[in-house]
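Below are the chains, spelled out letter by letter.
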Amino acid sequence: MDFNVKKLASDAGVFFSRAMQFTEEKLGQAEKTELDAHFENLLARADSTKNWTEKILRQTEVLLQPNPSARVEEFLYEKLDRKVPSRVTNGELLAQYMTEAANDFGPGTPYGKTLIKVGETQRRLGAAERDFIHSASINFLTPLRNFLEGDWRTISKERRILQNRRLDLDACKARLKKAKAAEAKAAAVPDFQETRPRNYVLSASASALWSDEVEKAEHELRLTQTEFDRQAEVTRLLLEGISSTHVNHLRCLHEFVESQTNYYAQCYQYMLDLQKQLGRALPSSALLSCGRFSGTFVGNAESTSPPPAATSPPAVAAATLPAVPTIPVVPTIVGVPNTVAESVLNPNEVKPPASGTRKARVLYDYEAADSTELALLADEMITVYSLPGMDPDWLIGERGNQKGKVPVTYLELLS
């Protein structure tokens, strides 16, 4: 075993000197070399970048994987440098249960058919979620993690070295100050009128010794000052690189937002498709068994049109329209002759009431399912009104010469 006593003693002496200097600075008994204002700003900016990057990284992980146990498992696999096993998303698991239930109840039954359709949509939602998590992990989380585990570790290492160089520099300054003070004191002690030559010789010898000590301290100070300046420059260059880090993180943030936008757009489109499938495919018998009339009935209470989104205005908003005198209408299935009902619900043949029309702003895009409906574009303004015997979830909308039924939940009624 190679055991260097001199090196060990030297390292111990340096450590002891730094500890003493640091303690005296904290107690206010020693001077401290201050860095320039620009350097201090770079240090503060780097610390802020590190702290906020850690918080954003952790919260993004929570957003992508709300289950803390799953996050701990992924962390352990990452630390063990092993591949994280593929995990089924909640949507895919729900789709599996719905499909199995449909097979048990009978895939040919109305309930079984609906379960299969909803399950397929949930599977697509789960697959979209998986793609979003994968994209966000590669394009956003990985660059943030690489900064914390790579660039920031390098910066922290160089800052610790700079701190040690500064402590060494201040310790050398303190030693030089003490040596100069002792030299001045020794030089002032000899008295040329001294009757005892021996004392004079001893005083002169002490003065020469302190002069040598001053020269040695000045030499060490020049060396430590050079090392400190060199390390300060290295650290400064690394800290100025934080600007490049911000630019890189900005690009990653744009990619994260883009992937999140695509994910939610996919989910929205999948749910719209499912709503239209269910609205068109739901049999009248199933609706009657629930005690409701279908959208194909006159005077119905529930519509088979796509249900409103969670953030959409409530369907009862139609009730805020001024009431229009109603005429007796017998609920009748389309196809059964009923001239009164047909004339009421045909948008192309009805005329707006003399009073009771309102302006409405469209909240979401809407694609007309047939010729009786009016396609809508988000943020456009249309005129709406209600008709006797009409489904309360729908209104008649007019845009110029175009007219058709529009869902209330897609509108914001204006006073």
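Everything numeric here is computed off the predicted structure, so don't read it as measured data.

With that out of the way, let us pick up the pairing of strand β4 (residues 402-407). As paired elements, strand β3 (residues 394-399) and β4 share six bridges and run antiparallel to each other. Each residue of the ladder has a partner; that of Trp 394, found in β4, is Pro 407. Joining the antiparallel neighbours β3 and β4 is a turn of two residues, in which Gly 400 adopts a positive phi near 65 degrees.

Compared with an ideal rise of 1.5 Å per residue, which puts 16 residues at 22 Å, helix α4 (residues 90-105) spans 22 Å between its outermost C-alpha atoms and is within 8% of the ideal. In this structure, the buried side of α4 is in contact with α5 (110-188).

Here five strands make up an open sheet; going across it, the order is β4-β3-β2-β1-β5 and the pairing antiparallel. Two strands bound the open sheet, and with one partner strand each, they are β4 and β5 (411-413). Across the sheet, the axes of successive neighbouring strands diverge by a mean angle of 40 degrees, strand direction being ignored. Relative to β3, strand β2 (residues 381-385) runs antiparallel, the two sharing three bridges. Considered in β3, the bridge of Thr 383 is made with Glu 398.

A word on the packing of aromatic side chains. Using the criterion set out here, one finds nine aromatic pairs in the structure. Ring centres 6.4 Å apart and planes at 50 degrees place the aromatic pair Phe 147 and Trp 152 in the tilted group. Of the two residues examined, Phe 147 and Trp 152, each falls in the buried class. Arranged with centres 6.4 Å apart and planes meeting at 70 degrees, the rings of Tyr 366 and Trp 394 form a pair that is edge-to-face. In this pair, Tyr 366 is assigned in the loop between β1 (358-362) and β2 and Trp 394 in strand β3, connecting sequence segments 28 residues apart.

Reading guide: rules and limits
Residues numbered from 1 in each chain as written. Predicted model: local features only at pLDDT ≥ 70, side-chain atom pairs only at ≥ 80, totals over all residues. Heavy atoms only, no water. Pairing = 2+ DSSP bridges. Helix = DSSP H or I, 4+ residues; strand = E, 2+ residues; numbered from the N terminus. Expected span 1.5 Å × (residues − 1). Contact = heavy atoms within 4.5 Å. Axes fitted to C-alpha atoms, helices over the stretch in contact; angles between N-to-C directions. Phe/Tyr/Trp six-rings, centres within 6.5 Å; stacked < 30°, edge-to-face > 60°. Buried < 20%, exposed > 50% of the residue type's maximum accessible area, 1.4 Å probe, protein only.

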